[in-house]
Amino acid sequence: MNLKKLLFFATLIGAVAPGCSKIETDTLATKSLNNEKSSATTSATTTEGLRKAFVSYFKMGAAIGMDEYGRANEKALFAHEFNSFTPNNNLKWNSIEKNYNIFTWANIDTLVNFALSKQMVVRGHCLVWRDPSALPKFPGQDYFGWVTHEEVSPGVYKMISRAKFFSQMKNHIYTTMQHFGNKIYAYDVVNEAIAEDAQADTNMYKTWRDDMYQVCKKGGNQGSDYIDSAFRYAQEANSSAALFYNDYGLESKPKRDRVISMITRLRNSGRKVSGIGIQAHWYADYPSKQQVLDMLAAFKAKGLIIHITELDISMYNKGEVPTDFTYTAARKAAQETRYREMFDAFRTYNNEISSVTFWNLTDRKHGRSTPTRPDSLLLFDRYGQKKPVYNSVVLDIP
């Protein structure tokens, strides 16, 4: 049994390997669980699936939900191609706990159990996200919900106390993680809490429409306290799970530096942060390969496990306002180049990257593709057929 496996089993029983810090042990153990390297050389063809093609590098995953699960062709495609599962939006707060302490598990249990039956690992996305779209709402309301507000009279709401908010968040995290036990090996504990570059002059944390932040800052306290508490509750609820912070735009050095500063602060205060989740909603011309390499190097230097959590690459350039929505030969070539370069960068850091997940399965359904601005983002077309970009990703594997 190799050292990584020994460290993994030590972690399961709460031990720390001799000569390793707790963070080092968590890092090595989780890497073992999610990225056992095959001793065989990779000789996969495009008929064997991404899970086989990248077996010597990292887990390959996709985020799907009940819609994809209910379509026989997409369900079969997912099972054939991938060995890691993210439950799309099905684990978010408004999906499993619409009313306080009343949990609905049917859909998420169906998806998790299916993935496990296909020998996949499961990533839990996500426990806490400040965005109103991910939180339960009061009936008839687009914004307010019980996580941060209470109704004092019909149609009149006020923010709840810090104590009530923390109690509700703790209950949500504990109940969710204890329900799944070791079925879910890694969680995005907090999602998208750090401000964009232009917003960060006075505060590195997102505050606009962030009622979690506003509740926590009551009484002169730190609005970011919910982040620290979320990681503490997650660590208490399941000490063997790998705990991630997940965000987008991390190819930008200023934002990346703020994320690293936050993670360093959390770790210094005793919080377990196993790794970084990089969303990777990218474009045909952005980011460059060098920007991605720089980003990966920065997170490696901090000893973080790296997961690419929400990968998709637009056929458009960043900032482009297209008038022609055709998936032209030029757009195909640019997208293929970008995917090829990104996966080359990922393989360069395969000792740190243990999981690469696409956000959605096919081009049939994707949040970045709309009727007024259709896009072609993934490796499979709307009918589940491989696009040429698939071969660009797979056939360049050494």
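From a predicted model like this one, the values you see are computed outputs, not experimental measurements.

Novice: Just checking my understanding: could you explain the overall build of the protein chain for this structure?
Specialist: Within the protein chain one finds 14 helices and 11 strands. The proportion of buried residues among the 398 residues of the protein chain is 55%. Considering only intrachain contacts with a sequence separation of at least 6, the fraction spanning at least 24 residues in the protein chain is 72%. Total accessible area on the protein chain stands at roughly 16,400 Å², and carbon and sulfur atoms take up 52% of it.

Novice: I tried to follow the nonpolar core on my own but got confused; where do I start?
Specialist: One broad trend across soluble globular proteins is that nonpolar side chains are buried collectively. Membership of the largest hydrophobic core comes to 101 residues, with the highest contact counts inside it found for Y226, L311, F343 and F346. Every residue in contact with Y226, bar those within four places of it in the chain, is listed here: V128, R130, F165, F166, M169, V190, A193, D210, M212, Y213 and C216. Core analysis: the second largest hydrophobic core is formed by 6 residues, V121, Y185, F244 and I305 among them.

Novice: Help me understand the pairing of strand β5 (residues 156-159) in this model?
Specialist: When a strand is regular, its side chains alternate between the sheet's two faces. Here 4 bridges tie strand β4 (residues 149-153) to β5, and the two strands are oriented antiparallel to one another. For S153, the partnering residue across the bridge sits in β5 and is V156. The antiparallel pairing of β4 with β5 creates a hairpin that spans 2 residues between the two strands, and G155 there sits at a positive phi of about 80°.

Novice: Explain the packing of aromatic side chains to me, please; I cannot follow it from the model alone.
Specialist: Any aromatic ring pair is given by two values, namely how distant the centres are and how the planes are angled relative to each other. A complete count under the given rule lists 21 aromatic pairs for this structure. Centroid distance F82 to F358: 6.3 Å. Interplanar angle 65°. Geometry classified as edge-to-face. On the criterion of sequence distance, the pair formed by F82 in the loop between α5 (72-81) and β2 (84-86) and F358 in strand β11 (residues 353-359) is long-range, its members being 276 residues apart. For F82, a relative accessible area of 1% corresponds to the buried category. Looking at F358, the relative accessible area reads 2%, which means it is buried. For the pair F103 and W105, a centre-to-centre distance of 5.2 Å together with 5° between the ring planes defines the contact as stacked. Across the pair, exposure class does not vary: F103 and W105 are buried alike. Cluster of aromatic residues (ring-pair linked, three or more members): F54, Y57, F58, F78, F82, F85, W282, Y339, F343, F346 and F358. The residue whose ring lies beneath K255 is Y248, and the NZ or CZ to ring-centre distance is 3.8 Å.

Novice: How do you make sense of the pattern of salt bridges when you look at a structure like this?
Specialist: Any two side chains of opposite charge can pair, given that their charged atoms come close. Considering all chains together, one arrives at 21 salt bridges under this definition. D67 is the partner of R71 in a salt bridge, and the nearest nitrogen-oxygen pair spans 3.2 Å. Residue class for R71 comes out partly exposed when judged on its relative accessible area of 35%. Taking the relative accessible area as the measure of exposure, D67 reaches 28% and is therefore partly exposed. Put simply, E150 and K158 hold a salt bridge, and the shortest N to O gap is 3.9 Å. A residue is classified by how much of its surface remains accessible, and K158, at 44% relative accessible area, is partly exposed. Taken together, the shared-partner salt bridges connect D67, R71, E74, R364 and K365 into one network.

Novice: Where do I start with the packing of helix α8 (residues 162-180) against helix α10 (residues 225-237) in this structure?
Specialist: When two helices pack together, their arrangement is given by the angle between the helix axes and the distance between those axes. At a minimum axis distance of 9 Å, the contact between α8 and α10 shows a crossing angle of 35°. You can see that α8 and α10 cross each other, and the crossing is right-handed. In this structure, α8 contributes R162, F165, F166, M169, K170, I173, Y174, M177 and Q178 to the contact, and α10 contributes D225, Y226, S229, A230, Y233, A234, E236 and A237. The residue makeup of the contact of α8 with α10, split by class, is 11 nonpolar, 2 polar and 4 charged.

Conventions and cut-offs
Residues numbered from 1 in each chain as written. Predicted model: local features only at pLDDT ≥ 70, side-chain atom pairs only at ≥ 80, totals over all residues. Heavy atoms only, no water. Helix = DSSP H or I, 4+ residues; strand = E, 2+ residues; numbered from the N terminus. Buried < 20%, exposed > 50% of the residue type's maximum accessible area, 1.4 Å probe, protein only. Contact = heavy atoms within 4.5 Å. Areas by Shrake-Rupley, 256 points an atom, 1.4 Å probe, with all protein chains shown as cover. Core = buried A, V, L, I, M, F, W, Y, C linked by side-chain atoms within 4.5 Å. Pairing = 2+ DSSP bridges. Phe/Tyr/Trp six-rings, centres within 6.5 Å; stacked < 30°, edge-to-face > 60°. Lys NZ or Arg CZ within 6 Å of the ring centre and 35° of its normal. Salt bridge = Lys/Arg side-chain N within 4 Å of Asp/Glu carboxyl O. Axes fitted to C-alpha atoms, helices over the stretch in contact; angles between N-to-C directions. Left-handed = near helix turned anticlockwise from the far one by under 90°. Nonpolar A, V, L, I, M, F, W, Y, C, P; charged D, E, K, R; others polar.

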